[in-house]
Amino acid sequence: MLRRAILAAVLVLTPCVAMAQTAADSSAIVATALDYIEGYYTGDGERMERALHPDLAKRIVMTNPTTGESLLQDMTAEQLVGATRMGYGKQVPESDRRMDVTILDIYENAASVKIMAHEWIDYLHIAKYEGNWVIVNVLWELTPEAKQKMSGGD
């Protein structure tokens, strides 16, 4: 209830031009996030490529099971587009494909977005670059269920 009241107050106090800008940007940001996740699930490399800046850095922090040291695993835009085209996302059954997109923040030409996906959560940094919203960074993490599967604790 309080959240709705705050949202209503913000909408009333925000100039119409700024609201239109934010609404248009919000729609474009969500469309970019959906190009990324839906493109992955459907094997649509063009959609994935459209969503990404060519210098994308996608990372996950993993733990070396032998040493216990943290490792940063990287993926480039080219690798992600290639994996998409090879159909890795198509292996996820349609009934298990989650695509819950939440805009966490937008400021000027920068946005933070969270995607709850099948067995992982992606945190996206999206930038307005040459007039288009594109993903420049992704930090992701496996869900607890996915981690349990990986460790053999089905």
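Below or above, wherever it landed, is the structure these notes cover. (Residues numbered from 1 in each chain as written. Predicted model: local features only at pLDDT ≥ 70, side-chain atom pairs only at ≥ 80, totals over all residues. Heavy atoms only, no water.)

**Focus on the pattern of salt bridges**
To be explicit about the condition: By definition here, a salt bridge exists when the distance from a side-chain nitrogen of Lys or Arg to a carboxyl oxygen of Asp or Glu is within 4 Å. Secondary structure elements follow DSSP: runs of H or I of four or more residues count as helices, runs of E of two or more count as strands, with numbering from the N terminus.
Counted by the stated rule, this structure contains nine salt bridges. Here Arg47 ties to Asp35 by a salt bridge, and the two come within 2.8 Å at their closest N and O atoms. Residue Arg47 is found in helix α3 (residues 45-51), and its partner Asp35 is found in helix α2 (residues 16-42); the two are separated by twelve residues along the sequence. Across the pair Arg50 and Asp35 runs a salt bridge whose closest N-O atoms are separated by 2.8 Å. One end of the pair, Arg50, is in helix α3; the other, Asp35, is in helix α2, and 15 residues separate them in sequence. Taken together, the salt bridges that share partners define one network made up of Asp35, Glu38, Arg47 and Arg50.

**With respect to the side chain of Asp35**
For the record, the criterion: Here's how the labels work: a residue is buried when its accessible area is under 20% of the maximum for its type, exposed when over 50%, partly exposed in between, all with a 1.4 Å probe on protein chains only. Polar contact is the term for a pair of N or O atoms within 3.5 Å; when the atoms are in protein, one must be able to donate a hydrogen and the other to accept it, and sequence-neighboring residues count only if both atoms are side-chain atoms. Residues count as neighbours in contact if any of their non-hydrogen atoms are within 4.5 Å of one another.
A residue is classified by how much of its surface remains accessible, and Asp35, at 11% relative accessible area, is buried. Polar contacts involving the side chain of Asp35 include one to the side chain of Arg47, which spans 2.8 Å. Non-local contacts of Asp35, meaning those with residues more than four positions away in its chain, are made with Tyr40, Arg47, Met48, Arg50 and Ala51.

No statement about biological role is implied by the geometric values presented.
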